[in-house]
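Listed here are the chains, written in short residue letters.
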Amino acid sequence: MAELLGKDFTPPDIVGKVTGRAKYAEDFRRDGMVFCRLLTSPMPHARVRNVDARAALAMPGVVGILLPEDVPEQEGVANNILTYEPHFVGEPILAIAAVDETTAHNAIAAVRLDIEPLEFCVDPLESLRPGGPNARAGGNALIPQEGLQEVKWTEEDFAAAGEGQLPMGRPGEEWSYGDLDAGFAASTLVLDESFVTASTSHHSMEPRTAMAYWEGGKCYLHASCQSQSNALPGAARLIGIAPEDLVFIAEYCGGGFGSKGGAYPLMAIPAHMSRKVGRPVLMRVSRAEEYVLGSARPGFQGRIRLGFRPDGRIAACDLSIIQENGPNSGFGDLGAAASAVSLVYTPQAMRYRGISVLTNTPPRGAQRGPGQNQIHCAVEPLIDKAARQLGLDPVAIRRINAPTHESLYGGNQSHITSAYLREALEMGAERFGWQERRARSGQRSGSKVRAVGVGQAFHSAGSSGFDGLVRIAPDGKLHIHTGVGNLGTYSYASTSRVAAEVLRYDWANCEIHRGDSSRGLPWNNGQFGSNTSYTMSRTNYAAAMDALQKLKAIAARELGGNANDYDVRDEAVFSRANPSRRLTYAQAARTAIQLGGRYSGMETPQDINPMTRRAVESIAGTGLIGVARDNLPQDGMVPALAAGFIEIELDVETGLYEILDYLGVADCGLVMHPTSLATQVRGGAVMGFGMAAAERHVYDPRWGLPGAVGLHQAKPPSYLDVPSEMDWAAVDQAEPNNPVGVKGIGEPLMGCAAAALLCALSDALGGHYFNRTPIVADMIVNAANGRPQAHRQLQVNTQ
Amino acid sequence: MSEWPPTEVGGDTRASSTISEDAPWALPMVSAIPAAQPSPSWSRRDFIKGIIASGVTVSGLSYFGSGCSGALPAQTVGGVERLLSLSVNGQLRRVDVLPAETLAMTLRYKLGLTGTKLGCDRAECGACTVLIDGVTHYSCSTLTHRVRDREITTIEGLEGPNGELHPVQQAFVDELSPQCGFCTPGQVMSAVALLRRNPNPTREEAREALAGNLCRCGAYHNYLNGVMRAAQSLGAREA
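Residues numbered from 1 in each chain as written. Chains lettered and ligands numbered in written order. Predicted model: local features only at pLDDT ≥ 70, side-chain atom pairs only at ≥ 80, totals over all residues. Heavy atoms only, no water.

**Quick look at the overall build of chain A**
Right, on to step 1. Within chain A, the regular secondary structure consists of 22 helices and 31 strands.
Right, on to step 2. Against the globule reference of 28 Å for 799 residues, chain A gives a C-alpha radius of gyration of 27 Å, in line with a compact fold.
Right, on to step 3. With the C-alpha coordinates aligned to their principal axes, the bounding extent of chain A is approximately 85 × 70 × 50 Å.
Right, on to step 4. Taking all 799 residues of chain A together, 67% fall into the buried category. (Helix = DSSP H or I, 4+ residues; strand = E, 2+ residues; numbered from the N terminus. Rg over C-alpha atoms; globule rule 2.2 N^0.38 Å. Buried < 20%, exposed > 50% of the residue type's maximum accessible area, 1.4 Å probe, protein only.)

**Here's the deal with the interface of chain A and chain B**
Reports often express the size of an interface as the amount of accessible area lost when the parts come together.
Right, on to step 1. Taken together, the 90 residues of chain A in the interface contact 81 residues of chain B.
Right, on to step 2. Across the chain A to chain B interface the summed buried area is about 7,300 Å²; carbon plus sulfur atoms make up 61%.
Right, on to step 3. The tally of links from chain A across to chain B stands at seven salt bridges.
Right, on to step 4. Residues Glu 695 of chain A and Arg 216 of chain B are paired through a salt bridge, measuring 2.7 Å at the closest nitrogen-oxygen approach.
Right, on to step 5. Along the contact surface separating chain A from chain B lie 28 residue pairs in polar contact (both at pLDDT 80 or more).
Right, on to step 6. Of all elements in the fold, only α1 (14-19), β1 (34-40), α3 (101-110), β5 (112-117), α9 (287-293), α19 (674-693) and α20 (711-714) of chain A reach the threshold of two or more residues within the side of chain A that touches chain B.
Right, on to step 7. Counting residues per element, the side of chain A that touches chain B draws most heavily on α19 of chain A, at eight residues.
Right, on to step 8. Here the side of chain A that touches chain B is composed, by residue class, of 41 nonpolar, 27 polar and 22 charged. (Contact = heavy atoms within 4.5 Å. Buried area = accessible area lost by both parts, 1.4 Å probe. Salt bridge = Lys/Arg side-chain N within 4 Å of Asp/Glu carboxyl O. Polar contact = N/O pair within 3.5 Å; in protein donor to acceptor, adjacent residues only side chain to side chain. Nonpolar A, V, L, I, M, F, W, Y, C, P; charged D, E, K, R; others polar.)

**Thoughts on the sheet that holds strand β28 (residues 639-651) of chain A**
Residue and element names in this part refer to chain A.
Right, on to step 1. The strand order β19-β20-β28-β29-β30 describes an open sheet built from five strands, whose pairing is mixed. Every other strand in the sheet has two partners, leaving β19 (444-445) and β30 (727-730) as the edge strands with one partner each.
Right, on to step 2. Bridge count for strand β20 (residues 448-460) against β28 is 13 bridges, and the pairing is antiparallel. By the bridge assignment for β28, Ser 460 is matched with Pro 639.
Right, on to step 3. Strand contacts of helix α13 (residues 421-432): β20, β28, β29 (657-667) and β30, with the helix running at about 30 degrees to β28, the strand carrying the most contacts.
Right, on to step 4. Along the sheet, helix α21 (residues 748-764) contacts β20, β28 and β29; its crossing angle with β20, the most-contacted strand, is approximately 150 degrees. (Pairing = 2+ DSSP bridges. Axes fitted to C-alpha atoms, helices over the stretch in contact; angles between N-to-C directions.)

**A word on helix α17 (residues 585-595) of chain A**
All names here are of chain A.
Right, on to step 1. Looking only at α17, the buried set comprises Tyr 585, Ala 586, Ala 588, Ala 589, Thr 591 and Ala 592.
Right, on to step 2. The elements touched by buried residues of α17 are β21 (467-472), α16 (532-559), β24 (566-569), β25 (572-575), β26 (582-584) and β27 (624-629).
Right, on to step 3. Positive backbone phi, at 65 degrees, marks Gly 596, one or two positions downstream of α17.

**Overview of the domain arrangement of chain B**
Residues and elements named next belong to chain B.
Right, on to step 1. Assigned domains within chain B: domain 1 (80-157) and domain 2 (167-238).
Right, on to step 2. Computed over C-alpha atoms, the centres of domain 1 and domain 2 are 22 Å apart.
Right, on to step 3. With 17 residues of domain 1 at the contact, the number on the domain 2 side is 13 residues.
Right, on to step 4. For the domain 1 and domain 2 pair, buried surface summed over both sides reaches about 1,100 Å², with 64% attributable to carbon and sulfur atoms.
Right, on to step 5. Summed over the shared surface of domain 1 and domain 2, the result is zero salt bridges.
Right, on to step 6. Across the contact surface, domain 1 and domain 2 share four residue pairs in polar contact (both at pLDDT 80 or more).
Right, on to step 7. Elements represented by at least two residues in the side of domain 1 that touches domain 2 include exactly β3 (129-132) and β4 (135-138).
Right, on to step 8. Among the elements that make up the side of domain 1 that touches domain 2, the one with the highest residue count is β3 (three residues). (Domains from an automatic or database assignment.)

**Details of the packing of aromatic side chains**
Right, on to step 1. Counted according to the given criterion, the structure contains 16 aromatic pairs over all chains.
Right, on to step 2. Their ring planes at 40 degrees and their centres at 6.1 Å tell us that Phe 466 of chain A and Trp 523 of chain A sit as a pair that is tilted. Taken as a pair, Phe 466 of chain A in the loop between β20 and β21 and Trp 523 of chain A in the loop between β23 (510-513) and α16 lie far apart in primary sequence, 57 residues in all.
Right, on to step 3. You can call Trp 523 of chain A buried: its relative accessible area is 19%.
Right, on to step 4. Each ring, one from Phe 172 of chain B and one from Tyr 223 of chain B, has its centre 5.2 Å from the other, and the planes form 55 degrees; the classification is tilted. Of the two residues, Phe 172 of chain B sits in helix α3 (residues 167-174) while Tyr 223 of chain B sits in helix α6 (residues 220-238), which places them 51 residues apart along the sequence.
Right, on to step 5. Between the NZ or CZ atom of Arg 305 of chain A and the centre of the ring of Phe 184 of chain A, over which it lies, the distance is 4.1 Å.
Right, on to step 6. The ring centre of Trp 507 of chain A lies 5.0 Å from the NZ or CZ of Arg 497 of chain A, which sits over that ring. (Phe/Tyr/Trp six-rings, centres within 6.5 Å; stacked < 30°, edge-to-face > 60°. Lys NZ or Arg CZ within 6 Å of the ring centre and 35° of its normal.)

**Overview of the side chain of Lys 117 of chain B**
Right, on to step 1. Among the structural elements, Lys 117 of chain B can be located in the loop between α2 (103-110) and β3.
Right, on to step 2. At 2.4 Å, the side chain of Lys 117 of chain B forms a polar contact with the side chain of Asp 27 of chain A.
Right, on to step 3. When sequence neighbours within four positions are dropped, the list of residues in contact with Lys 117 of chain B reads Gly 20, Ala 22, Tyr 24 and Asp 27 of chain A together with Arg 108, Ala 127, Cys 128, Phe 182 and Pro 185 of chain B.

**Observations regarding the pairing of strand β16 (residues 300-308) of chain A**
Walk down a regular strand and you will see the side chains alternate between the two sheet faces.
All names here are of chain A.
Right, on to step 1. Across the nine residues that make up β16, a large majority, seven, are buried.
Right, on to step 2. The sheet contact formed by strand β9 (residues 189-197) and β16 spans nine bridges and is antiparallel. What sits directly across from Leu 191, in β16, is Leu 306.
Right, on to step 3. Two elements, β16 and strand β17 (residues 314-324), share nine bridges in a ladder whose sense is antiparallel. Across the sheet, the residue bridging to Arg 303 is Ser 320, located in β17.
Right, on to step 4. What sits between the antiparallel neighbours β16 and β17 is a turn of five residues, in which Gly 312 has the positive phi angle 95 degrees.

**Focus: the packing of helix α11 (residues 372-390) of chain A against helix α12 (residues 394-401) of chain A**
Residue and element names in this part refer to chain A.
Right, on to step 1. Contact pair α11 / α12: the axes reach a minimum separation of 9 Å and the direction vectors enclose 110 degrees. The orientation of α11 relative to α12 falls into the category roughly perpendicular. The residues of α12 that touch α11, namely those facing Glu 380, Ile 383, Asp 384, Ala 386 and Ala 387, are Pro 394, Ile 397 and Arg 398.
Right, on to step 2. For the contact of α11 with α12, the per-class residue count stands at five nonpolar, no polar and three charged. (Parallel < 35°, antiparallel > 145°, perpendicular 65-115°, else oblique.)

The following block contains the structure:
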């Protein structure tokens, strides 16, 4: 019976957050520290022909300049550190360091650039037209295995689509399973809709400031990063040094949502500048810079054709997606979206075609539920449209299409480990009072109408093959070394408790080591992709099991018998036959040090990562070391699934709505840390509400200039935009591939809330399908009055 | 791309593609801040222009800036005294402040009080919230010179003499209010100010009071739980 798991606790880093003692990247100071500022591109695509920095460098207090030739060139379409050919407004060209920030800034302003504007593009569909503009000199589309290509569709392709529908010429990627034609033939209802899902900026509260200095041949980098060990090799590569020569410090991260999942080019600039000027360098990043350099979720222009049987079962699905990928490598949202459709709606036959098209807008990257959350926003209201036409309840039509444990995933139709979406729908409908609320849907009070919505979402939620590391010190304390990172969800701590649980520790006698690569941190997955709960509980379990075996082996050695004769309790290892024969953990740790070898980390397993080996070497001989690679079995993709239920009141005259109630239900395996899960359910919902009906990503199509740079323009939700109380629940069914039954959940909690709100807005308008997210007030007023919308169909970056 | 670059804006940019001040793509990010040197011509208008144009705050002297060395003028040319006494967290702190320096920069870079965070530096997010005479202010948009006779309280000034947490801080811990934690100091300060003027707020009043503090993690529910719990514990303490 679990003593620690499933119970609330106070994570060790929370007091630092409420007292201001928690140190983020901009909070570090170093003697002799100078400030660095960026000169960024004023144009969406340009070539810098000449830089005249003489006046800047002559300014008192300026200590150095960093130019593109001073930093490693990034291959292909990877994000640059600095470049003479910027591909978006705000891309860094050069940096200047000075003794204070004002001087650095004024020096930047004194640089004269000879810069030539080049062809640019802010709409993927325009780029695909014959003769359309390319975002890069080498092409306009990223094709898997082929890389950057020029892809133009024909006039016939465009004409064949029909008015307002998405054309589809040669795709960049495609897959299918089942007999699509037969599926549509068997369908009594076929819906065919084109849609746009907007790009959305991450807008993490902490801009990606970084500070770096060099000491003793090593580079010390304070960075804003979700991940710890996993980001280190990439950061070292950007700086141009070996991983063991980088001390990477990321103890706190002020929000990332995918945008700080790994190393990113900006964090290398202070390191390069510091090496060049010989002083510590702090580079503060402004909110406007964070907008352009802080990544964004790619928007979709898409089309989906769904065939339904009379009972609501989806017989066929034909999905096409054009992804706005930004100018660089971007992220594979489009394929992830298609795979999500295959799992959440389990169509009996499906075809997916997609293409990732480059635009001269901010570089795209993963954002909470990348691909899945966009596609759920587009598809969930369409499921409701089908339900309406088939006379089915929105929950019922979702139940009939929901995945089971045997359902298959993606184009490869691979196995999954567990799926409790149906249970989440049932539990949520019951708890929310869905039937009663649905019965009053459509009730009018003046210009206000009540409506309900249910939404679903998915993200894969678990990895394996990483290393765990624990140490029992001679004083008997357990030290858990975790390299996962600290995004703010406290999952680094809840998963560390798995090691304490295995060894039956009092949590008060455990200490977590993290946040600084010099603290002996193992090779772990990054804190992204909703994977931490599943992945890190496995690694900590593996390390603790190794420690447990060593404890028993030491006891057998010291007290006789076999290791199997022993068990642990009260931080001691004892003989089951004669519990008085026992060694405390402190005694066992001292014996481990005397024994050396594998017991004290002087020898390490063959299959661990070199980073873990270095971590073990740094603590070898100081206690009993438990270290192991997670080789536990895993059969299939681990799905995190969620369902959201919402009731709103919409004012059809103003387009404003109020969320009356929200319930999020998680399928995350067994619950590890209830309050933290509750915060994730609610926080995900807040972000989802923003994505569905508020957040803006605007680009001027004529000049390629961003129009929603600041927070007040981008409109992330505030206290007043969301309910002050929201309900949560969890299915709480064990994931069989995890030793403590858990899997991740963070991402779909956003998508299900976004989808639920979109469905409710449609419900309030008699089932109107908007073909576009976000749904903003003027769109609602137009729809309510039967007026045409202000945007062109399939136009992007409009609101 | 026939209309690019624009001939109707910024003169004949086709002939010379050097960035023009008038061109539409001359973005704020590369605009100059008016030199942060004390001068008779320095005006409030210049400061606001600088703030608007730059996207960064005029930092004045840096942590180890050039202005820290050498003799400090008691009076600048423009008649602004630079060496100030600020009352911060009950202590009088002597500090050299440039005319256009914001309180957030003074706190963070002169006084070592890094608990006050800069999320946007333009009064949008509330991460930099501090109390000035008990009232919440965005320190990123407050000139230090304007608060020299006022009582400034930052997140570092809330704990008791023996390091015990303020009831709001303790309630935020108990309710697991923060997620990433970057907005937390600002949320704490807004909650403290609320409970000082209204010790028994409704949840709706708390929501209004904290509405100037953005949280991208969306932990609003848990912060409000924290405020309500703190109100209870403060009430119990006084009862």
